[in-house]
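# Observations on the three-dimensional arrangement
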Amino acid sequence: MSNGLNIVRLPPLPLLPWIVSVTQLRPLIPLLIAAAILLAGNGVQGTAIAVRGAAEGFSTGLIGLMGTAYFAGFLLGSIYVVRLLNSVGYIRTFAALAAIA
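Reference entry: report on the structure contained in this document. None of these values were measured; they are calculated from a predicted model. (Residues numbered from 1 in each chain as written. Predicted model: local features only at pLDDT ≥ 70, side-chain atom pairs only at ≥ 80, totals over all residues. Heavy atoms only, no water.)

This part is about helix α3 (residues 60-88). For α3, with 29 residues, the first-to-last C-alpha span of 41 Å sits near the 42 Å given by 1.5 Å per residue. In the stretch just after α3, glycine 89 is the one whose phi turns positive, near 95 degrees. (Helix = DSSP H or I, 4+ residues; strand = E, 2+ residues; numbered from the N terminus. Expected span 1.5 Å × (residues − 1).)

Here's what the structure looks like:
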């Protein structure tokens with residue numbers, strides 16, 4: 001007995017090719033944890049600078065300028081380090097930047 005509706009049964013979907021198993025991700029876990037710690041630290045630093053600046057009585061404009069200067073320095077450093085890497089290599093660049101840190 002049919003009520004006029006055609007029911008189409010689809011075949012089961014195969015496992016998608018981009019799904020990876022846990023054993024394939026195991027070597028990446030320390031890298032992902034380290035990246036998460038760095039991102040969390042950067043977020044805490046940005047918040048802590050703003051909160052501490054407000055507690056010290058800085059104006060909101062000056063607190064915003066400090067945050068802007070931080071990211072402007074980050075951008076300029078990223079541009080400059082490429083030139084440094086091309087001129088002296090990564091080992092000397094790492095040694096020089098570690099010495100001034």
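Note that glycine 67 resides in helix α3. Residue glycine 67 is classed as partly exposed on the basis of its relative accessible area of 30%. In this structure, the C-alpha to C-alpha distance between glycine 67 and glycine 46, residues 21 residues apart in sequence, is 7.3 Å. (Buried < 20%, exposed > 50% of the residue type's maximum accessible area, 1.4 Å probe, protein only.)

The next subject is a nonpolar patch on the surface. A cluster of nonpolar side chains, contributed by Ile49, Phe58, Leu62, Leu65 and Met66, occupies part of the molecular surface with about 420 Å² of accessible area. At three residues, α3 tops the list of elements feeding residues into the nonpolar patch. Position of leucine 62 relative to the elements: it lies in helix α3. With relative accessibility at 37%, the residue leucine 62 sits in the partly exposed group. (Patch = residues over 30% accessible without salt bridge, like charges linked within 9 Å, V, L, I, M, F, W, Y side chains within 5 Å. Areas by Shrake-Rupley, 256 points an atom, 1.4 Å probe, with all protein chains shown as cover. Salt bridge = Lys/Arg side-chain N within 4 Å of Asp/Glu carboxyl O.)

As a further point, take the side chain of threonine 93. Note on placement: threonine 93 falls in helix α4 (residues 90-100). A relative accessible area of 3% means that threonine 93 is categorised as buried. Within the local environment of threonine 93, its side chain forms a polar contact with the backbone oxygen of glycine 89, the two atoms lying 2.6 Å apart. Every residue in contact with threonine 93, bar those within four places of it in the chain, is listed here: Val81, Leu84, Leu85 and Val88. (Polar contact = N/O pair within 3.5 Å; in protein donor to acceptor, adjacent residues only side chain to side chain. Contact = heavy atoms within 4.5 Å.)

Turning our attention to the pattern of salt bridges. Using the criterion set out here, one finds one salt bridge in the structure. The partner of arginine 52 in a salt bridge is glutamate 56, with the nearest N and O atoms 2.9 Å apart.

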